[in-house]
Amino acid sequence: RYTLVNFYTTGEWELFDLENDPHQLRSLHDDPACASTAADLEEQLQRLRNHYGVPEKDYTPTPAQPTGAAR
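The structure presented is a predicted model; accordingly, all values stated were derived computationally and were not measured.

Where strand β1 (residues 2-7) meets strand β2 (residues 12-17), 6 bridges bridge the pair, whose relative direction is antiparallel. Its bridge partner being in β2, Thr3 is matched across the sheet by Phe16. Between the antiparallel neighbours β1 and β2 lie 4 residues, among them Gly11 with a positive phi of about 80 degrees.

This part takes up the environment of Pro22. Relative to the helices and strands, Pro22 is located in the loop between β2 and α1 (35-52). For the pair Pro22 and Tyr2, spaced 20 residues apart in the sequence, the C-alpha separation amounts to 9.5 Å.

Let us look at the side chain of Asp17. Along the chain, Asp17 turns up in strand β2. By relative accessible area, which is 6% here, Asp17 ends up buried. Among the polar contacts made by the side chain of Asp17, one reaches the side chain of Arg1 at a distance of 3.0 Å. A distance of 2.8 Å separates the side chain of Asp17 from the side chain of Asn20, its partner in a polar contact. Aside from chain neighbours lying at most four places away, what touches Asp17 is Arg1, Tyr2, Pro22 and Leu28.

Procedures and definitions
Residues numbered from 1 in each chain as written. Predicted model: local features only at pLDDT ≥ 70, side-chain atom pairs only at ≥ 80, totals over all residues. Heavy atoms only, no water. Pairing = 2+ DSSP bridges. Helix = DSSP H or I, 4+ residues; strand = E, 2+ residues; numbered from the N terminus. Buried < 20%, exposed > 50% of the residue type's maximum accessible area, 1.4 Å probe, protein only. Polar contact = N/O pair within 3.5 Å; in protein donor to acceptor, adjacent residues only side chain to side chain. Contact = heavy atoms within 4.5 Å.

Right, here's the structure in full:
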């Protein structure tokens with residue numbers, strides 16, 4: 001029912017209620033009424049990262065190679 005997004009490059013979080021906001025236009029992450037939902041989902045995400053051995057701040061964008069570029 002919810003989507004939690006973390007932008008690791010900026011540290012920003014977003015939380016969307018997919019039943020009431022299916023187009024994900026309004027983040028509820030900073031809404032005090034959704035604090036426990038956000039905390040629960042962040043905890044679940046951390047458990048999954050630990051389970052799969054994903055290090056913190058692991059995302060490093062890889063530049064796309066132009067089509068036909070020499071390697």
